[in-house]
Amino acid sequence: MWFTLFLAVIVCCAVLYVPGYLIGRALSLKRTVSCAAAPALSLALLVVLGVVFRTAGISCHALALAAATGAVALIAFALARGIQGKRSRKPGHANSTPQPGQTTQKPRPRHASPSERTPEKSDALSSRFTWQAFALYACVGLVVCAFVFLTAIDGPDSFARKDDTTVHLSIVRAFLDSGTYSTLHSGSFLDQGTAGTYYPSAWHIVVAIAASCVGGGVDIATNAATIAFTVVVLPLGVCLLLCTVFPNRRGVVLAGSLFAASFAIMPWGFLTKGQLLPNLASFALIPAAIALFVSAVEANDGGTRARLAAGALIALVSIALCQPNGAFTCVIGMTSYALCRIFRRPDDKHATITPKRIACAVGLVAGACALWAVLYLAPPLRSVVTYGPWDTLLSFPEAVLSVLSFMYVKWGGIQPFLSIAVLFGLIASLRDRRWLWLAVAYVITLVIYMGNVCTDGVLRQVISGFWYSDYYRTGAMNALFAIPLAALGFAWLVRLLGSALSRLPKVGERKNAYAAAALTVVFVLCQAMPFQISLGKRSIENGLPAMRDQVASLYSWDDIYTSEERAFVQQAAALVEENATVINVPNDGTAWCYGTDGLRVLFRRTGDNGSNPFPPATNEIIRTRLANIAADEEVQQAIREVGARYLILLDDPTGDNPTITDQRYEAAKWAGLESVTADTPGFTLLLSEGDMRLYQIDEIA
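Computed from a predicted model, the values in this text were never measured in an experiment. (Residues numbered from 1 in each chain as written. Predicted model: local features only at pLDDT ≥ 70, side-chain atom pairs only at ≥ 80, totals over all residues. Heavy atoms only, no water.)

In terms of helices and strands, the protein chain carries 26 helices and seven strands. Taken over the C-alpha trace, the protein chain has a radius of gyration of 27 Å; the compact-globule value for 701 residues is 27 Å, and the two agree within 12%. Each principal axis of the C-alpha atoms in the protein chain carries an extent, and together these give about 95 × 70 × 50 Å. Split into buried and exposed, the 701 residues of the protein chain put 55% on the buried side. Taking contacts inside the protein chain between residues at least 6 apart in sequence as the whole, the part at least 24 apart equals 73%. Summing over all exposed atoms, the protein chain offers an accessible surface of approximately 28,800 Å²; the carbon and sulfur share of this is 62%. (Helix = DSSP H or I, 4+ residues; strand = E, 2+ residues; numbered from the N terminus. Rg over C-alpha atoms; globule rule 2.2 N^0.38 Å. Buried < 20%, exposed > 50% of the residue type's maximum accessible area, 1.4 Å probe, protein only. Contact = heavy atoms within 4.5 Å. Areas by Shrake-Rupley, 256 points an atom, 1.4 Å probe, with all protein chains shown as cover.)

Given below as structure tokens:
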């Protein structure tokens, strides 16, 4: 089964990288840029084709959608190459062969000019170095993923017993069952013939394609997507961003490999809260999108700028199609760069402050604030910005401490090495104002997080409402912008320690190498060694080990939906008629079994209506009075309305060790189901094992 997971990871990477790379090359982006930005370009095309197919009434296998995406990207690449080839053959064209007497002169790169204060003497980073850096980032990402995720989960087909996970798995399964993949018509009940509604589903499409290649294993495909985004997409995006921002600082770029996937809350917090897997994908795309934006701003000619800007815009759309709050996060980074860029180009020694530039900066800030207000008041976003009956979570001193320790929440783990690295990075960005925008973005997101956890009411909604006022999301956003600062701070620490080591005999020119090795060892120990500190009623642990423990608990087959219960569900699925609806109590684990095993249960989320499309009154009749079906005509009519033929129960709530979740559970609301026994009129027992039972509902006259 681990090989199946490996195959699913390969499929995810192919879907994310092959079409996007071809699109990037069609836009004449460098090979390294096309590679790192490929996922952001692929996802937009996947979503567009999914909508087109659904609008055209085309229902297809998920692999057909992937093949169509690859074909469109290949055609775009071929057409672009053909057009470029014709232009390059025209005499006098910038890319044509120089005619006799002509000379060519390359413009000086605006963004790659080394500063006198830059310690490295090398030119802008070569493509060979960038490819090597990509490999390093992916390898380090794999090590971190193996520590936090792969060795913690209870098998490659395990999944998190979280509330949002029921929705994500069900949407993927519904895509597969319906053969449609439109983000405008998404939902957990597409298999029941519902039209669906808009839901950002780019991540779900990728998982559906991977699942279709591994026999419909949505749980395995979900884990494969998690691996792809945390090991490859996020690290390569961070690498591209650092190569773009620090073109002459190889030390900073190499240091970034340690931090791309090492913050506990970003990306791993998305696995333990929610789950917020599409949000993880959205944030993983942001570094590459910002890198494209920075390159567009610093391009030397209009054509190159337009192509890079187009890439950045497509990336921004893809981010929003995974999770819209990622687009807001990305724009914060882009706006921070643009604001600081007004006063200083990357190769300027000093900032240029004039009334005109101040007016431009004020206009940019005013425009950003106006856009923020307009979107806050926009009707489509009202349910987002007003979401959650959250209380004030932390006092101001507690919030400051949670940020400085990179714990972010009331419980969890601290990361002391990251605190030091980011602090040095902040100081370095203030000393060298070329990188001040990194500190600006970090501070803006810090203010949003602080407003999220320290305020309430309308003020909290205005500050953090675009992120559902969810401190996990705002904390992850702040950690995302801390990554380049940590790399910058680590590089400075290496130089400081190297200077100290130079006083030792026989160190010589390898002082920085020894310093980097020593600091890396300290980093690994600080990140991986578990420890626990008791502070009154609160216990604080080391960040990544604490996150690993949470993953192990959530992905366990011993909790809620157990391995024995899944085996029973799979046996039941073999007895149930094809496409038949099965009534269930979602809290006993069956909320997940449509997504994981394809059993078409009626209630696919814990709650009174289980997210199904039927009227609340119909659901209430079934939940509270199903046991009376033999004599109750209203129950009989409700069963006809939902088309149910079976009842499955995985737990006896009055038993000794029920494996259930009490989220939104009230026993009285499910009495009509849980009171059914083999002797109840109107039901025939088909399968029984322990406290697990499958009943067929007898024919209704």
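What follows deals with helix H16 (residues 416-431). For H16, with 16 residues, the first-to-last C-alpha span of 23 Å sits near the 22 Å given by 1.5 Å per residue. Of the residues making up H16, those classed as buried are Phe-417, Leu-418, Ser-419, Ala-421, Val-422, Gly-425, Leu-426, Ala-428 and Ser-429. Tucked inside the fold, the buried residues of H16 contact helix H8 (250-259), helix H15 (396-404), helix H17 (436-454), helix H19 (471-501) and helix H20 (511-528). (Expected span 1.5 Å × (residues − 1).)

The subject of this paragraph is the pairing of strand S4 (residues 581-584). Burial along S4 is two-sided: the residues Thr-581 and Ile-583 and Val-582 and Asn-584 are all buried. Across four bridges, the pairing between S4 and strand S5 (residues 644-649) is parallel. Across the sheet, the residue bridging to Asn-584 is Ile-648, located in S5. (Pairing = 2+ DSSP bridges.)

So, on to the side chain of Arg-604. With respect to the helices, strands and loops of the structure, Arg-604 is situated in the loop between helix H23 (593-597) and helix H24 (616-625). There is a polar contact of 2.9 Å between the side chain of Arg-604 and the side chain of Asp-191. Among the polar contacts listed, one links the side chain of Arg-604 to the backbone oxygen of Val-601, at a separation of 2.8 Å. If sequence neighbours within four positions are ignored, Arg-604 has contacts with Thr-166, Ser-170, Ser-188, Phe-189, Asp-191, Gln-192, Ala-591, Tyr-594 and Gly-610. (Polar contact = N/O pair within 3.5 Å; in protein donor to acceptor, adjacent residues only side chain to side chain.)

Scanning the entire structure with this criterion turns up 28 aromatic pairs. Centre to centre, the rings of Trp-131 and Phe-134 are 5.6 Å apart; their planes meet at 90°, and the pair counts as edge-to-face. Of this pair, Trp-131 and Phe-134 both sit in helix H4 (residues 127-150), three residues apart, which is roughly one turn of that helix. For Trp-131, a relative accessible area of 36% translates into the label partly exposed. Residue classification places Phe-134 among the buried positions, given a relative accessible area of 4%. (Phe/Tyr/Trp six-rings, centres within 6.5 Å; stacked < 30°, edge-to-face > 60°.)

Taken as a whole and assessed by the stated rule, the structure comprises 18 salt bridges. Notably, a salt bridge pairs Glu-298 with Arg-341, separated by 2.5 Å at the nearest N-O pair. Here the residue Glu-298 occupies a position in the loop between helix H10 (277-297) and helix H11 (302-322), and Arg-341 occupies one in helix H12 (residues 324-343), the gap between them amounting to 43 residues. Arg-341 carries the same exposure label as Glu-298, and that label is buried. In this structure, the salt-bridge partner of Asp-632 is Arg-625, at a minimum N-O distance of 2.9 Å. For Arg-625, a relative accessible area of 25% corresponds to the partly exposed category. (Salt bridge = Lys/Arg side-chain N within 4 Å of Asp/Glu carboxyl O.)

Turning our attention to the side chain of Asn-587. Take Asn-587: it is sitting in the loop between S4 and H23. Beyond its immediate stretch of four places on either side in the chain, Asn-587 contacts Ile-560, Thr-606, Thr-659, Ile-660, Thr-661, Asp-662, Gln-663, Tyr-665 and Trp-670.

Attention now moves to a negative patch on the surface. A surface patch of negative charge is lined by Asp-154, Asp-558, Asp-559, Glu-564 and Glu-689. Examined against the element boundaries, Glu-689 turns out to sit in strand S6 (residues 683-689). Glu-689 sits in the partly exposed class, given a relative accessible area of 39%. (Patch = residues over 30% accessible without salt bridge, like charges linked within 9 Å, V, L, I, M, F, W, Y side chains within 5 Å. Lys, Arg positive; Asp, Glu negative; His and termini not counted. Charge placed at Lys NZ, Arg CZ, Asp CG, Glu CD.)

On to unusual backbone geometry, then. Note: most residues except glycine have negative phi, and most peptide bonds are trans. For the bond from Met-266 to Pro-267, the omega torsion is 20°, close enough to zero to count as cis. Across the junction of Gly-274 and Gln-275, the peptide omega takes the value 5°, indicating a cis bond. The phi angle at Ile-560 is positive, at roughly 60°, despite the residue not being glycine. Tracing the chain through its elements places Ile-560 in the loop between helix H21 (543-554) and helix H22 (563-575). Non-glycine residue Asn-579 carries a positive phi angle of around 65°. Structurally, Asn-579 can be placed in the loop between H22 and S4. Classification of Asn-579 as partly exposed rests on a relative accessible area of 49%.

Once that is clear, we can look at the sheet that holds S4. Strand pairing within a sheet occurs via backbone hydrogen bonds; the two strands may be parallel or antiparallel. Read across the open sheet, the four strands follow the order S4-S5-S7-S6; overall the sheet is mixed. Strand pairing shows two members of the sheet lacking a second neighbour, S4 and S6, which therefore form its edges. Strand after strand, the sheet turns through a mean of 25° between neighbouring axes, direction not considered. Docked against the sheet, H22 engages S5, S6 and strand S7 (692-697), running at close to 140° with respect to S6. (Axes fitted to C-alpha atoms, helices over the stretch in contact; angles between N-to-C directions.)

In terms of residue burial, S7 counts as a mostly covered element, since five of its six residues are buried. Strand direction decides the pairing type here: S5 and S7, joined by four bridges, are antiparallel. Across the sheet, residue Leu-647 finds its bridge partner in S7, namely Tyr-695. As defined by bridge partners, S6 adjoins S7 across six bridges and the pair is classed as antiparallel. Bridge pairing in S7 places Glu-689 opposite Met-692. From the end of S6 to the start of S7, which pair antiparallel, there are two residues, and Gly-690 there has a positive phi angle of about 60°.

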